[in-house]
Amino acid sequence: MEKIFRPNPNSFKNTFCVFDEVSIDAINRLEIQYDSKSGSKYYYTKKGMYRLSNHWGRLANSKWRLEPLEPETISKTKLGYACWENFYPDNNLEELYYLEANYQKKTVNYQHKNNPKYDSKALLRTSFETTKRIKQIRNLFSLTSWAKYFDYEDLDVLRQKIINELIYTNKTLEEIKKDFL
């Protein structure tokens, strides 16, 4: 009988990870190895972790995000998978995070600098600074009242220019808006 793989419980503390949503069928032959007080179930393999949960985001002292399947599943409980090498260190002091905007979907997310896709162009920020910029970008995507002070032909073009400045510079939102007035 094959020995059950079990990582050190402390190996998940202060980590950032992006899980990919996978079909529930992926855990058919796996046994639950940890059942948290909050109801999340964990399945460990030599290559990575499956997490079955109805909550994602900030978890105790870690930041774990789920990238949903497309089209999105309607169930609140979702199964995510992440390879062990996709768990990156997290703390509140270092500039570890950069932002990515999806202009078609009008969304913004943060990624870790250790992500192999990081091209070193977007500025790195602390968790606090990243959260602040995310809120500003989400407001720019969802609201239009801010645009009434600008002379523009295409709101989406203006929006993209301002958001790019928030991602790629250290200028404040107020400074960026003044530049476009």
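Here is what the cut-offs are and how they apply
Residues numbered from 1 in each chain as written. Predicted model: local features only at pLDDT ≥ 70, side-chain atom pairs only at ≥ 80, totals over all residues. Heavy atoms only, no water. Phe/Tyr/Trp six-rings, centres within 6.5 Å; stacked < 30°, edge-to-face > 60°. Helix = DSSP H or I, 4+ residues; strand = E, 2+ residues; numbered from the N terminus. Lys NZ or Arg CZ within 6 Å of the ring centre and 35° of its normal. pLDDT = per-residue confidence, 0-100. Salt bridge = Lys/Arg side-chain N within 4 Å of Asp/Glu carboxyl O. Pairing = 2+ DSSP bridges. Buried < 20%, exposed > 50% of the residue type's maximum accessible area, 1.4 Å probe, protein only. Contact = heavy atoms within 4.5 Å. Polar contact = N/O pair within 3.5 Å; in protein donor to acceptor, adjacent residues only side chain to side chain.

Asks: How would you summarise the packing of aromatic side chains if you had to cite specific residues and measurements?
Replies: By the definition in use, this model includes 19 aromatic pairs. A centroid spacing of 5.6 Å and a plane angle of 80° characterise the contact between W64 and F87, whose relative ring orientation is edge-to-face. Of this pair, W64 sits in strand β6 (residues 62-67) while F87 sits in the loop between β7 (78-83) and β8 (88-89), and the two are 23 residues apart along the sequence. Members of the aromatic cluster, connected to one another through ring pairs, are F12, F19, Y34, Y42, Y44, W56, W64, W84 and F87. Positioned over the ring face of W56 is R51, at 4.4 Å from the centre of the ring. When the ring centre of Y110 is taken as origin, the NZ or CZ atom of R65, which lies over that ring, is 5.2 Å away.

Asks: So, the confidence of the model for the protein: which residues are in play, and what are the values?
Replies: Per-residue pLDDT for the protein averages 93, and the proportion of residues at 70 or more is 98%. The weakest mean pLDDT in the protein belongs to strand β5 (residues 57-59) at 80; the strongest belongs to strand β9 (residues 97-102) at 98.

Asks: Break down the pattern of salt bridges for me, with residues and values.
Replies: Scanning all chains against the criterion turns up 8 salt bridges. Two residues, K63 and D90, come together in a salt bridge whose shortest N-O distance is 2.8 Å. Pair noted here: K63 is in strand β6 and D90 is in the loop between β8 and β9, with a separation of 27 residues, a long-range link. Salt-bridge contacts for D156 lead to K106; the nearest nitrogen and oxygen are separated by 3.8 Å. Taken as a pair, D156 in helix α2 (residues 155-168) and K106 in the loop between β9 and β10 (107-112) lie far apart in primary sequence, 50 residues in all.

Asks: Which residues make up the pairing of β10, and what are the values?
Replies: Relative to β10, β9 runs antiparallel, the two being bridged by 6 bridges. What sits directly across from A101, in β10, is V108.

Asks: Lay out unusual backbone geometry in plain terms, naming residues and giving numbers.
Replies: Residue P71 follows E70 across a cis peptide bond; omega there is 0°. Residue position: P71 is located in the loop between β6 and β7. Its identity as a non-glycine residue notwithstanding, N14 has a phi of 55°, on the positive side. Within the element layout of this structure, N14 appears in the segment before β1 (15-21). Accessibility expressed as a relative area gives 41% for N14, which makes it partly exposed. Its identity as a non-glycine residue notwithstanding, S120 has a phi of 65°, on the positive side. In this structure, S120 sits in the loop between β10 and α1 (127-142). Given a relative accessible area of 57%, S120 falls into the exposed group.

Asks: Describe the environment of K177, naming the residues involved and giving the relevant values.
Replies: Among the structural elements, K177 can be located in helix α3 (residues 173-180). For K177, a relative accessible area of 24% gives the class partly exposed. Apart from residues no more than four positions distant in its own chain, K177 is found in contact with W146 and F150.

Asks: Describe the side chain of H112, naming the residues involved and giving the relevant values.
Replies: The topology assignment puts H112 in strand β10. A polar side-chain atom of H112 sits 3.0 Å from the main-chain amide nitrogen of N114. Residues within four places of H112 in sequence aside, it is in contact with F16, Y88, P89, L96, Y97 and Y98.

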